Structures are given as structure tokens and as C-alpha cells.
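In case you want the letters, here they are:
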Protein chains: 2
Amino acid sequence: MENFNFYSPTEFVFGKGREMECGALVKKYGGTKVLIHYGSGSVVRSGLLDRVKKSLGEAGVAYVELGGVVPNPRDTKIYEGIELCRKEGVDFILSVGGGSCIDSSKGIAIGVPYDGDFWDFYTRKAEVTTALPIGTVLTIAAAGSEGSPGSVVTKEEGMLKRDVGSDLIRPRFSILNPELTCTLPAYQTACGATDIMAHVFERYFTNTKEVEITDRLCEAVLMTMIKETPRVIAEPSNYEARANIMWAGTVAHNDIVGVGRSQDWNSHMIEHELSGLYDCAHGAGLAVVMPSWMEYVMNHDVMRFAQMAVRVWGCEMNFENPEATAKEGINCFRKFLKSIGMPINFAELGAKEEDIPYLVETLGVGDGVRGGFMELRAEDVTNILKIAVDAKVR
Amino acid sequence: MENFNFYSPTEFVFGKGREMECGALVKKYGGTKVLIHYGSGSVVRSGLLDRVKKSLGEAGVAYVELGGVVPNPRDTKIYEGIELCRKEGVDFILSVGGGSCIDSSKGIAIGVPYDGDFWDFYTRKAEVTTALPIGTVLTIAAAGSEGSPGSVVTKEEGMLKRDVGSDLIRPRFSILNPELTCTLPAYQTACGATDIMAHVFERYFTNTKEVEITDRLCEAVLMTMIKETPRVIAEPSNYEARANIMWAGTVAHNDIVGVGRSQDWNSHMIEHELSGLYDCAHGAGLAVVMPSWMEYVMNHDVMRFAQMAVRVWGCEMNFENPEATAKEGINCFRKFLKSIGMPINFAELGAKEEDIPYLVETLGVGDGVRGGFMELRAEDVTNILKIAVDAKVR
């Protein structure tokens, strides 16, 4: 096991009706003037925004608001938020929405106290040393941003997707009410589930040996998702299934299932180019990229893929031909993705084969490499995307 | 799933050599004058105490020290610590040892700023509202106190074992270096492993339905312990196995595997009377009590015990007779405990059947009941202890 630090100080407030506690929580964590940051009309239409305002009002906390965050959140909205916060003397950001809204809030939180351009943090030109505190009321189980130190933002000019990470932007509290996710359409639900599973797989495929505890914890989250996702697709308002998925989404990404081992993250890196270019849902992009990545890197450690097949997908181990078991596991993953309505190839995603050179170039791998499981050069990324072009369930 | 809060703000600093960071960590969390609290000679002999002092010295942090904590830590030592801290103006407690040492430190931490008798907190006469900050350098994987809000202390007069819980006594940081546990004798290692597994089982046996995510996380920790414990018994200095067990011990008790469900804790409650009376190791007491409790309560939910048998112990499901599978799982647990050198009945523990009435009386169940899986009356506790008298592997 590799040395590690695990630090997840966020207070998670989980369950029915818990959004009514947001005012008291903002107050507990020192906020006096809040920016309520949200996305489109659904939080307005559902009445959630009104409940949040009521709770803030009852706690005597002042607020201003800024809506309009879009999936793959844009830098432009963050500039707007920074300006508003400075003008209004905001000292706490409350995100009401999904991962995009939280990531946008994190951008604002580090931008407000910074003299330069907040984008510097996303291009590694500056390091985060201070940030406004953040709280979240989560409405989509997916990104895990409610318990993570990361933020991914898209620069509108050129549609470049870049990320930043710092413990300073971990939310102080996150309110997780599974009821709020019950109205989510099946496609978005499935995209979220795929993202959750991908967060685990990025950690599961590792070169670190004998990390049984994190292996098993990864498998626990994956098996939960395999059981619960089809249930919510079939019965959107099944509270228990929604609750399991929502908590799994947080556990998948606060790093409790990833400590002590190398992690990969190449599938996420490649997918960011797809959703950057096509503005598709991140989960949908992952459904196309990740199984193709698995096929391509499988021979780097066949037994690890066989372990996934047996322990996660319940395949029989083929002791004479472990490679067959490994392949079967990957096929199970694609079959599962298809069954929950996800695209699994370029055509289903709306991507084009002829864009591959552009995608690879924008990724900027160059002669360099990244990935904690298997390092990839530009040519490897091209090959993975080629597999993805006409991938199908066997 | 039940509504819950999950809050685990401790910074875990895990791996080889990490104790050398304790000075910087104390400083980071605001300590300027430290009480180094430790147990017997082993931390002195191993040189650990010197390394801790060196690290504090390098960080410019002053310290006083108090050793002599014993297993089932006593109130008398805590009174001594409180007095010393007040006299010396200590503002941070650094525990260097196992769970007993941490629990004693927690007692001191809440006692120093309190005007009355610290024992009030353990008898529910007072509620914790403030405490000195605590850090730990862990030397035994067992109690999980390094990441928990709890403390269990024994009142020397009458050997009463009582507990307290508060987020205010969660350690600010905990340093977990598995190397420090490599010299631990096999018996203590096995006691620790039993305690870790018991912490999971107390959460696993629940009346809350459909909490797949925490079920699976519980099973992940248990399967890790089943794989790794025999390895460290056979090869005491196997770092990887020690590391898996050490992290499993923390995960087992910071409540990540227990949220959203009723929890039982009757086995712990019953065991506290055994270790109170006989001063035996807590893990050893649990090895005797817990499988007997399982036998007694099994029919309350046979399918849950069958699930444990199949998913945790790898038993084949007997579809015609689930009860047989459930029983087989419990037998596997006893067999496992015996294989790692644990006692499984009264004689092996050094307990006496004629003490049962006293044990039940001290427990003070009276007409009342406790336990989130199955409520127990005094007569039930008697029956469980009677099963434990001559329990054996089938």
C-alpha cells in the first residue's frame, strides 16, 4: 500500500427533507451573506429554490442569487458570479443543483479572493491558497463533487475543459436528499450512474499490489450500482434505490475507495475532450470511452480484469483462459450500460470518427503520458477512440 | 434508508515513517503545548516516543508527558492527566498508543475545560460542549478510536466500564503507520482483528431494509479481515497485510459502513461487562460473546444471517433450508476466531458460569432493553451468556 492522506471533512446531511436545514448549516459554518448558485428552471419549478430561501430566511442569512449554470459549466458564468459576489459582499456560496453547479460554485469560491484571472487555477498558473466556503444542496447523484476537492470547468472560447483540485474547495456541508433526484429523467439518471461507476473504475485499475481493502470497497460500490441503477430506471421514484445510488455517488468520489494506490483517470481525461467538443453529457461520454479503454489496456493486467469480471459482474472464472473471463467482464459492463440506455459507440453518442485527430490533438498528450494504470501516448488514445467508434455488445 | 449525518473530519496520515510529521500536524491544528499520553514501555523501548519528541521539538512545540495507560483505561489515570494539563497549560493532547490510550486522551480532553468531575460525561450527567484538540499516533489496529467520536473508560472502583460520544473528541489528525504494528504479539493482533470485525457486525445486523451500499461496504471490510488476519498471524511483519488491517480498522469504525441504518451494539454492551469484571482483552471478550449473540438472535432474521454466510464467508446458499446456511455462517465465524487464536467460550476466556447473574445485574438492563437489531431483556442476556459458556466449533 502506498502512503496516503485521507481527509474528507465535509458534513454530509442525508435524507428526506434535509434541505430545510441549509440555513442553519450556512450559519454554523460562518456564512452571513450567501450566493445561491443554481442551474436551469427545474430547481425553481420544483419549489426547491423557495424552500432553500425560506430556510435561509429563517436562519437570518441574507442572500443574492445567480442561476443559469449549464452542464459542462462555463467560465463565463463564473466571471459573472465572481463579480456579483464582490459587489454584494458575499461570504458563502450555496450550490443548489448537480455537479456542474457545484463545480461552477468552486470556481467562484476561489475566484472571489484572487486578484488575477480565476482560470489561472485551472491552467496550473496559480495555486489555490484561499477560497470562500461552500455548501451544497445536491439534486443529481453523479459527479461526487459534493464531497470532493475537484472542479471541472469549460472555457467557452475553444470549449476547453480543465480541472483544479484543492482541499480548500471541499464543501463544508452537503445536503443529500434522494427525493430531489426522483424526478430526474431516465437518461440523466443513467448518465449519473455511469459517472459514479467510472469514478470507481478509475481507482480500481491500479498497479499497486495487495490493496485488498480498497479493492473490496470499490467492488462494494460497483455491485450496489449494478443492483440499484436498473431499479431506478424502472421505478424512478423508488426512494430506497435513489438513496443507495446517491450515497454511493459520494462514497465513489471522496477517495475512501481510492486511497493507498495508483489511480488511472485516463478515461476521464479522454472523455473531457468528447464532452468539450460535442457538449454531450459526461456520463454518456464515459459510457463510450471507458469500456473501450478497458479493452485496449486489458492485457496490461489480465488478472485484474478477471477479478472485476468475477467479483463485480459475477462471471465464472475461466481458469484455463483468464483472458476470456476478463473480456467477458468488459462485455458485461457494455451490456449493462446499454441496458440502462447509455450510448456505447460514436454513432450513439453523436461523435464522428473524422474528429479523432482533433480530439487527440486537443488532449495535448504529445510525447507525454498520463495514467496510473497504463501510460498512454497520443497513438494509444487514437486506438482507444477507434475501438469506441463501432463498439458493440457481443 | 434512514436519515443520517456523516461527519468524519479527521485527517488520516497513513504509511511508513509518517510519525515524523506529528510535530508539524500538532502545529497545523493549533497546538503549542502538548501532553504526550502513552501506555506501557513498548513505545519507549521501540524508540517511537523519542521520534515523536524529536518531531515535536523540530516543530518548536513544547510538551509534557504522561505514561502508564493500561488496557481498559482507568478513570484514575485520567484524573492524573487532567491535573497535569491544567498545571502545565497544555492545549493539545497527543495520544501515542492504541485505543485505550486514545480513549484515555479523550477523557482528559473533555475533563480539562470542565469544572465538575469528568466521569459525569460517562454517566450522562453532563454533555460535552468543549474539549481540548486531540491527535493520535496509532500503534494497534483495533478500536477505531483514531477516527471515532467515542471513548470507553473503566471506573476503577467497581470496575464499571462506560462510554461517551461527541464529535468534539474526534481526533484532528491520526497518524497510522502499519510498521508500528508489526511487533505486536499474535494474541493482541488477533484481539484487534476481532474488535474490527465486531465493529462491522454491530452495524451489519440491522432492521433497516434495502441499505445495499452499507451492506456491501460492511462485507468489503469483513472479507478484507478474513483474508489479511491469518496472513499477519503467520507473518507478523507482512507490511501489506498490516496496512490493509490498519486501514480496515479505521473504516470499520468511522461509521462509513454504518450510516442510514439501525445498528445493534448489544454484543459490545455485554462484552464490556466481561472485560470490566475479568480485565480481559476487549477483542477476546467479543470473540466469546458475539457468535453466541448471533446464535441467539439468528431467528429474528434468518435471511440476513444467510446473506452473511454466503457473501462474507463464501458458504453455498441452501435454498431449501436457509437456516442451515445461517448457522453455517456463524460456525465459520467461530472457526475463524479459533484459527487466529481467540477464545470462543467461557473456559478459554477465563470467565465463570457462576458470574452470569452478577454480569447481567451489572449490565443494568433491568426491565429495559437496548439494541437496534434485536432488543434484549435481562433474561435474553443470560441466555446468550449461557450459550457462550461451552460454545464450540461444530
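This structure is a prediction, so every number in the text was calculated from the model and none was measured. Each chain has its residues counted from 1, following the order in which its sequence is written. Chain letters and ligand numbers both follow the written order, the letters beginning at A and the numbers at 1. Predicted model: local features are reported for residues with pLDDT of at least 70 only, side-chain atom pairs are reported and counted for 80 or more only, and whole-chain, interface and lining totals are derived from all residues. Water and hydrogen atoms play no part in the side-chain values, which are based on all heavy atoms of the structure.

Enquirer: Summarise the packing of helix α12 (residues 302–312) of chain A against helix α13 (residues 322–339) of chain A; cite the residues concerned and give the values.
Expert: Residue and element names in this part refer to chain A. Orientation is described by axes fitted as lines to C-alpha atoms, over the contacting stretch for helices, and by angles from 0 to 180 degrees between their N-to-C directions. Helix numbers and strand numbers start at the N terminus; a helix is a DSSP run of H or I with at least 4 residues, a strand a run of E with at least 2. Look at α12 against α13: their axes get within 7 Å of each other, and the N-to-C directions meet at 55 degrees. Our classification of the angle between α12 and α13 gives oblique. Considering the relative orientation of α12 and α13, their crossing is left-handed. Taken together, the residues of α13 that come into contact with α12 (itself represented by Val 302, Met 303, Phe 305, Ala 306, Met 308, Ala 309 and Val 310) are Pro 322, Glu 323, Thr 325, Ala 326, Gly 329 and Ile 330. Nonpolar residues are Ala, Val, Leu, Ile, Met, Phe, Trp, Tyr, Cys and Pro. Charged residues are Asp, Glu, Lys and Arg, and all others, Gly as well, are polar. Here the residues of the contact of α12 with α13 are counted per class, giving 10 nonpolar, two polar and one charged. In this scheme, roughly parallel covers angles under 35 degrees and roughly antiparallel covers those over 145, while 65 to 115 is roughly perpendicular and the rest are oblique. In this scheme the crossing of two helices becomes right-handed for a clockwise turn of the near helix relative to the far one and left-handed for an anticlockwise turn of less than a right angle. Whether two residues are in contact is decided by their heavy atoms, any of which lying within 4.5 Å being enough.

Enquirer: Can you lay out the relation of the copies chain B and chain A for me, pointing to particular residues and giving the numbers?
Expert: C-alpha atoms of residues with pLDDT of at least 70 in both copies form the basis for the least-squares superposition of the copies. Aligned on chain A, chain B shows an RMSD of 0.0 Å; the corresponding rotation is 180 degrees and the shift along the axis is 0.0 Å. Expressed as an axis order, the relation between the two copies is that of a two-fold axis. Across chain B, the rotation axis passes nearest the C-alpha of B:Pro9, at a separation of 1.8 Å. Interface residue correspondence from chain B to chain A reaches 100%, placing this contact among same-surface, isologous pairings.

Enquirer: Give me the sheet that holds strand β4 (residues 92–97) of chain A: which residues, what numbers.
Expert: Two strands qualify as a pair provided that DSSP identifies no fewer than 2 bridges between them. Taken in spatial order, the 12 strands line up as β3(A)-β2(A)-β4(A)-β5(A)-β8(A)-β1(A)-β1(B)-β8(B)-β5(B)-β4(B)-β2(B)-β3(B) in an open sheet, and their pairing is mixed. Strands at the two margins of the open sheet, each flanked by one partner only, are β3 (62–66) of chain A together with β3 (62–66) of chain B. Strand-to-strand, the axes of this sheet are offset by a mean angle of 25 degrees, without reference to chain direction. With five bridges joining them, strand β2 (residues 33–38) of chain A and β4(A) adopt parallel strand pairing. Across the sheet, A:Tyr38 pairs through a bridge with A:Val96, a residue of β4(A). Contacts between helix α4 (residues 75–88) of chain B and the sheet are confined to β2 (33–38), β3 and β4 (92–97) of chain B, with β3(B) contributing the most and set at about 155 degrees to the helix.

Enquirer: Explain the pattern of salt bridges to me, and be specific about the residues and the numbers.
Expert: Criterion for a salt bridge: a side-chain nitrogen of Lys or Arg within 4 Å of a carboxyl oxygen of Asp or Glu. In this structure the tally under the stated criterion is 57 salt bridges over all chains. Measuring nitrogen to oxygen at the nearest pair gives 3.2 Å for the salt bridge that ties B:Lys227 to A:Glu212. One end of the pair, B:Lys227, is in helix α8 (residues 212–234); the other, A:Glu212, is in helix α8 (residues 212–234), on a second chain. The shortest N-O distance in the salt bridge between B:Lys33 and B:Glu88 comes to 3.4 Å. Of this pair, B:Lys33 sits in strand β2 while B:Glu88 sits in helix α4, placing them 55 residues apart in sequence. A simple rule labels every residue: compare its accessible area, found with a 1.4 Å probe on the protein chains alone, to the largest value its type can have, and call it buried under 20%, exposed over 50%, or partly exposed in between. Residue classification places B:Glu88 among the partly exposed positions, given a relative accessible area of 28%. When salt bridges that share partners are traced, they join A:Glu210, A:Glu212, A:Arg216, A:Glu219, A:Arg311, B:Lys227, B:Glu228 and B:Arg231 into one network.

Enquirer: So what's going on with empty space enclosed by the protein? Residues and values would help.
Expert: The rule is simple: put a 1 Å grid over the protein atoms alone, call a set of points where a 1.4 Å probe fits but cannot get out a cavity, call an open set with protein on both sides within 12 Å along at least five of seven lines a pocket, and count a residue as lining if it has an atom within 4 Å of a point. Grid points are joined across faces, edges and corners, and a volume is the space filled by probe spheres set on the points. As enumerated under the stated definition, the model contains two cavities of 30 Å³ or more in all. By volume, the largest cavity amounts to about 70 Å³. Lining the largest cavity, in full, are A:Ile140, A:Ala141, A:Thr181, A:Leu184, A:Gln188, A:Thr189, A:Gly192, A:Ala193, A:Val232, A:Arg242, A:Ile245 and A:Met246. Of the residues forming the lining of the largest cavity, the biggest block, four residues, is contributed by helix α7 (residues 186–204) of chain A. Among the residues forming the lining of the largest cavity, the class breakdown is seven nonpolar, four polar and one charged. What lines the second largest cavity is B:Ile140, B:Ala141, B:Thr181, B:Leu184, B:Thr189, B:Ala193, B:Arg242 and B:Ile245. Partitioned by chemical class, the residues of the lining of the second largest cavity number five nonpolar, two polar and one charged.

Enquirer: Got a sec to walk through the interface of chain B and chain A? Specific residues and values, please.
Expert: Taken together, the 40 residues of chain B in the interface contact 40 residues of chain A. When two parts are put together, the accessible area they lose, computed with a 1.4 Å probe and summed over both, is reported as buried area. Buried surface at the junction of chain B and chain A, both sides included, amounts to about 3700 Å², of which 56% is carbon and sulfur. At the surface where chain B touches chain A, the tally comes to four salt bridges. Polar contacts, as counted here, are pairs of nitrogen or oxygen atoms within 3.5 Å of one another; within protein the pair requires one atom able to donate a hydrogen and one able to accept it, and residues that are adjacent in sequence qualify only if both atoms are side-chain atoms. Taken together, the connections running from chain B to chain A amount to 24 residue pairs in polar contact (both at pLDDT 80 or more). Counting only elements with at least two residues in the side of chain B that touches chain A, the list comes to β1 (4–14), α8 and α9 (239–251) of chain B. Broken down by class, the residue content of the side of chain B that touches chain A amounts to 22 nonpolar, seven polar and 11 charged. Pairing geometry for strand β1 (residues 4–14) of chain A and β1(B), over seven bridges, is antiparallel. Along β1(B), the bridge assignment pairs A:Phe12 with B:Phe6.

Enquirer: Describe the packing of α8(A) against α9(B), listing the residues and the values that go with them.
Expert: Across the interface, α8(A) lies against α9(B) with an axial gap of 8 Å and an inter-helix angle of 45 degrees. Between α8(A) and α9(B), the angle is such that the two are oblique. For the pair formed by α8(A) and α9(B), the contact residues are A:Glu212, A:Ile213 and A:Leu217 on the first element and B:Asn244, B:Trp247, B:Ala248 and B:Val251 on the second. A breakdown of the residues in the contact of α8(A) with α9(B) according to their chemical character gives five nonpolar, one polar and one charged.

Enquirer: I'd like a description of the packing of aromatic side chains, backed by residues and values.
Expert: Pairing of aromatic rings covers Phe, Tyr and Trp, the last through its six-membered ring, and needs centres within 6.5 Å; plane angles under 30 degrees mean stacked, over 60 mean edge-to-face, and all others mean tilted. Taken as a whole and judged by the stated rule, the model has 46 aromatic pairs over all chains. A centroid spacing of 6.2 Å and a plane angle of 80 degrees characterise the contact between A:Phe118 and A:Trp119, whose relative ring orientation is edge-to-face. On the accessibility criterion, A:Phe118 (1% relative accessible area) is buried. Taken together through their ring pairs, the aromatic side chains of A:Phe201, A:Tyr204, A:Phe205, A:Trp293, A:Phe305, A:Trp313, A:Phe333, A:Phe336 and A:Phe373 make up a single cluster. Charge-over-ring placement is defined geometrically: NZ (Lys) or CZ (Arg) within 6 Å of the ring centre, and within 35 degrees of the ring normal. Over the aromatic face of A:Tyr239 sits the side chain of A:Lys16, whose NZ or CZ is 4.5 Å from the ring centroid. The ring of B:Tyr204 carries the charged tip of B:Arg304 above its face, separated from the ring centre by 5.1 Å.

Enquirer: Break down the nonpolar core for me, citing the residues and quoting the values.
Expert: Among the nonpolar cores identified, the biggest contains 173 residues, and A:Phe201, A:Trp247, A:Phe305, B:Phe201, B:Val221, B:Trp247 and B:Phe305 are the most heavily contacted of them. In this structure, B:Phe305 is in contact with B:Phe205, B:Trp293, B:Met294, B:Val297, B:Met298, B:Ala326, B:Ile330 and B:Phe373, ignoring residues within four places of it in sequence. As used in this record, nonpolar core signifies buried Ala, Val, Leu, Ile, Met, Phe, Trp, Tyr and Cys residues forming a set joined through side-chain atoms within 4.5 Å.

Enquirer: So, unusual backbone geometry: which residues are in play, and what are the values?
Expert: Residue and element names in this part refer to chain B. Phi is positive for Arg 124, close to 65 degrees, though the residue is something other than glycine. As for its placement among the helices and strands, Arg 124 is situated in the loop between α6 (119–122) and β5 (134–138). We note that Glu 210 has phi near 60 degrees; this positive angle belongs to a residue other than glycine. If you trace the backbone, Glu 210 turns up in the loop between α7 (186–204) and α8.

Enquirer: Which residues make up the side chain of B:Asn345, and what values go with them?
Expert: All names here are of chain B. Counting through the fold element by element, Asn 345 comes out in the loop between α13 (322–339) and α14 (346–349). Exposure remark for Asn 345: the relative accessible area of 10% places this residue in the buried category. Of the polar contacts made by the side chain of Asn 345, one reaches the backbone nitrogen of Glu 348; its length is 2.9 Å. Side-chain polar atoms of Asn 345 contact the backbone oxygen of Ala 391, separated by 3.0 Å. Once residues within four sequence positions are removed from consideration, Asn 345 is found in contact with Val 288, Ala 388, Val 389, Asp 390 and Ala 391.

Enquirer: Pulling in residues and values, what's your account of helix α12 (residues 302–312) of chain B?
Expert: Most of α12(B) sits out of view: eight of its 11 residues are buried. Contact partners of the buried residues in α12(B): α7, α8, α11 (282–297) and α13 of chain B.

Enquirer: With reference to specific residues and values, describe the pairing of strand β7 (residues 160–165) of chain A.
Expert: All names here are of chain A. Where strand β6 (residues 150–155) lies against β7, six bridges are found, and the strand directions are antiparallel. Its bridge partner being in β7, Lys 155 is matched across the sheet by Leu 160. Taking the residues between adjacent antiparallel strands as the criterion, β6 and β7 are bridged by four residues, where Gly 158 takes a positive phi near 90 degrees.

Enquirer: Explain α8(A) to me, and be specific about the residues and the numbers.
Expert: Residues and elements named next belong to chain A. Helix span is expected to be 1.5 Å times the residue number reduced by one. Between its terminal C-alpha atoms α8 stretches 34 Å, which fits the 33 Å expected from 23 residues at 1.5 Å a residue. The angle between axes fitted to the seven-residue stretch ending at a residue and the seven-residue stretch beginning at it gives the bend at that residue. The largest bend in α8 is about 25 degrees, located at Glu 228, with the proline Pro 230 one to four residues further on. In terms of burial, α8 is a largely internal element, 17 of the 23 residues being buried.

Enquirer: Can you lay out the confidence of the model for chain A for me, pointing to particular residues and giving the numbers?
Expert: Each residue carries a pLDDT score, the predictor's confidence in it, ranging from 0 to 100. Predicted confidence across chain A gives a mean pLDDT of 96, with 99% of residues reaching 70 or more. Across the interface, the model reports ipTM at 0.96; the global pTM reads 0.97.

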